[in-house]
Amino acid sequence: MVRTEQPTRPPNPWQAGGDIACTFMRVNARTISDQTVSCPNKMNSTCPLPNTRKRYFRCCMLFAFTCGSALAAISDQQASMVALGARLFSEQSLSADNNTSCASCHIPDLAFSDGKAVARGTGGKFGSSNTPSLIGLIDQSPMFWDGRQSQLQQLILEPLLNAREHGLPDLAALDQRLTALRYLPRTASSEIAHGEFPNVQLATAAIAQFLHSLQLEKSTLLRITQAVGNDSHDTSESRGAALFSGRAGCAACHRLEADATGLTDLAFHDHGIAQSALANRLPEILEGWHAERALNRALIGPSTTETSALGRYRVTGAPSDIGKFKTPSLFNVAVTAPYMHDGSIKTLHEAVAHEIYYSAPDKGAGLDLEDRRALVMFLRSLTDERFEKLLSDPE
């Protein structure tokens with residue numbers, strides 16, 4: 001009998017997503033409620049999780065939904081790295097208190113943000129700035145509000161070694177904790193892991209692959225294109241898009257061109273947010289910041305919300321950069337409140353009112369209530385379908 005070769009089946013992105021969901025659950029199932037559900041990864045008969053916790057079921061399925069389509073065109077090795085990265089992203093042992101992970105602040109169910117004014121890290125310490133969403137992060141370099149990092153793997157390491165976030169003292173401590181993880185591969189290609197801290201290199205490479213998978217849905221991009229291209233302005237969204245690129249002046253910074261990833265110019269601007277924090281105290285805050293830097297040249301990130309208010313100055317040292325912050329992405333902006341680097345603006349309506357004061361030629365005086373509502377409706381249309389359940393009713 002002649003054996004017939006079976007055609008190779010293309011990779012199933014949802015099975016890959018399900019594998020990610022399982023790795024995420026395996027780490028986190030121990031922490032939340034007592035209510036159990038069946039493992040969502042029905043396509044994988046070897047799934048080690050017959051039961052897990054209800055809240056994390058939702059988070060894990062969101063991981064699968066978020067990553068599934070992005071995994072359709074990548075190799076098995078890359079898919080394995082994404083799955084490993086997803087697991088490390090939720091690994092609480094990579095923190096000083098064994099209770100903080102990347103997913104503690106970048107919560108999958110909240111579009112990878114956290115809904116807080118500023119982040120809370122190890123031991124409940126307050127961070128120094130608002131947590132941005134990670135969707136589309138890889139196309140938004142330089143990164144952080146002050147643009148202090150342009151390399152993705154350095155961005156991954158910084159929170160792990162920040163005393164107010166994960167709180168690990170150095171790379172040696174991180175490598176030691178990674179070594180204790182039984183699921184971390186003990187061998188890796190020399191292209192990925194080598195040198196003094198091979199586990200750190202492997203882990204950051206895996207988390208970087210996971211972050212690469214967090215992309216905006218194509219349907220959302222299509223909806224944006226249709227709203228911008230609708231010259232009839234027969235919907236609130238299309239009217240808001242016309243205002244956004246016209247009289248409101250928003251597109252001067254939040255660019256609508258095809259090459260403007262995330263609707264941002266990736267530049268730095270002062271729109272008055274830091275003024276209250278710096279008012280009458282700028283010399284004192286500058287002196288404190290420079291004293292910190294003199295004591296610790298390896299200081300990672302701003303140590304307080306006050307030094308965070310210095311903005312881009314912390315990177316360049318140019319007085320003209322005091323109070324300037326990077327233009328953030330607007331994708332999923334309607335579900336990632338509060339806003340600005342310090343989370344000081346609570347609602348999207350308030351954010352629109354604040355921003356048009358700085359962007360519109362007439363400081364927003366010519367934009368009435370209906371105009372502002374149309375702008376809000378356009379911004380709401382920038383929400384991925386997978387996160388639309390987070391949208392509140394328009395005010």
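Here, every reference points to the structure presented above.
The paragraphs below set out a description of the structure included in this document. These numbers come from a predicted model, not from an experiment.

A separate point is the overall build of the protein chain. Helix and strand counts for the protein chain stand at 15 helices and four strands. Counting over 395 residues, the protein chain shows a buried share of 49%. Residue pairs at least 24 apart in sequence account for 64% of intrachain contacts in the protein chain once pairs closer than 6 positions are excluded. Here the protein chain displays about 19200 Å² of accessible surface, and carbon together with sulfur accounts for 53% of that area.

A few words now on the packing of aromatic side chains. On inspection of all chains with the given rule, the structure shows five aromatic pairs. Ring centres of Tyr-357 and Tyr-358 lie 5.1 Å apart, and the angle between their planes is 80°; on these two criteria the pair is classed as edge-to-face. Residue classification places Tyr-357 among the partly exposed positions, given a relative accessible area of 41%. It is Arg-120 that lies over the ring of Phe-126; its NZ or CZ is 4.0 Å from the centre.

In this section: the environment of Ala-180. Looking at the secondary structure, you find Ala-180 in the loop between helix H6 (171–179) and helix H7 (198–212). Residue Ala-180 is classed as exposed on the basis of its relative accessible area, which comes to 60%. Distance from Ala-180 to Ser-93, taken between C-alpha atoms, is 9.4 Å for residues 87 residues apart in sequence.

This next bit is on the packing of helix H9 (residues 236–245) against helix H15 (residues 369–380). At a closest axis distance of 7 Å, the pairing of H9 and H15 adopts a crossing angle of 105°. Judged on the interaxial angle alone, H15 and H9 are roughly perpendicular. Only Glu-370, Asp-371, Ala-374, Leu-375, Met-377, Phe-378 and Leu-379 of H15 make contact with H9, whose side of the interface consists of Ser-236, Glu-237, Arg-239, Gly-240, Ala-241, Leu-243 and Phe-244. For the contact of H9 with H15, the class distribution of residues is eight nonpolar, two polar and four charged.

Take the state of the cysteines next. Counted under the stated rule, the structure contains zero disulfides. Cysteine Cys-102 remains unbridged, with the sulfur of Cys-105 as its closest cysteine sulfur at 8.9 Å. Since its relative accessible area comes to 16%, Cys-102 is described here as buried. For Cys-105, a relative accessible area of 14% gives the class buried.

Structurally, Asp-114 can be placed in the loop between helix H4 (102–105) and helix H5 (152–161). One buried charge, Asp-114, has no salt-bridge partner; the nearest side chain with opposite charge is Lys-116, at 4.8 Å. In terms of polar contacts, Asp-114 uses its side chain to reach the side chain of Thr-131, at 3.1 Å.

Let's shift gears to the pattern of salt bridges. Considering all chains together, one arrives at eleven salt bridges under this definition. As a salt-bridge pair, Lys-389 and Asp-109 come within 3.7 Å of each other at their nearest N and O atoms. With Lys-389 in the segment after H15 and Asp-109 in the loop between H4 and H5, this residue pair connects regions lying 280 residues apart in the sequence. Under the relative-accessibility criterion, Asp-109 is labelled buried at 13%. The closest approach of N and O atoms between Asp-146 and Arg-148, which form a salt bridge, is 2.9 Å. Note on Arg-148: relative accessible area 24%, which makes it partly exposed. Ionic contacts of the salt-bridge type, sharing partners, join the residues Asp-146, Arg-148, Glu-158 and Arg-314 into one network.

Turning our eyes to something else, we now look at the nonpolar core. Ranked by size, the top nonpolar core spans 68 residues in total, and within it Leu-88, Leu-178, Leu-211 and Leu-379 carry the most contacts. Elements that contribute at least two residues to this core include exactly helix H3 (76–89), H4, H5, H6, H7, H9, helix H14 (348–359) and H15. For this core, the leading source of residues is H7, giving nine residues. Among residues more than four places away in sequence, those in contact with Leu-88 are Leu-94, Leu-178, Leu-181, Tyr-183, Leu-184, Ala-203, Ala-206 and Ile-207.

The rules we used
Residues numbered from 1 in each chain as written. Predicted model: local features only at pLDDT ≥ 70, side-chain atom pairs only at ≥ 80, totals over all residues. Heavy atoms only, no water. Helix = DSSP H or I, 4+ residues; strand = E, 2+ residues; numbered from the N terminus. Buried < 20%, exposed > 50% of the residue type's maximum accessible area, 1.4 Å probe, protein only. Contact = heavy atoms within 4.5 Å. Areas by Shrake-Rupley, 256 points an atom, 1.4 Å probe, with all protein chains shown as cover. Phe/Tyr/Trp six-rings, centres within 6.5 Å; stacked < 30°, edge-to-face > 60°. Lys NZ or Arg CZ within 6 Å of the ring centre and 35° of its normal. Axes fitted to C-alpha atoms, helices over the stretch in contact; angles between N-to-C directions. Parallel < 35°, antiparallel > 145°, perpendicular 65-115°, else oblique. Nonpolar A, V, L, I, M, F, W, Y, C, P; charged D, E, K, R; others polar. Disulfide = S-S within 2.5 Å. Lys, Arg positive; Asp, Glu negative; His and termini not counted. Salt bridge = Lys/Arg side-chain N within 4 Å of Asp/Glu carboxyl O. Polar contact = N/O pair within 3.5 Å; in protein donor to acceptor, adjacent residues only side chain to side chain. Core = buried A, V, L, I, M, F, W, Y, C linked by side-chain atoms within 4.5 Å.

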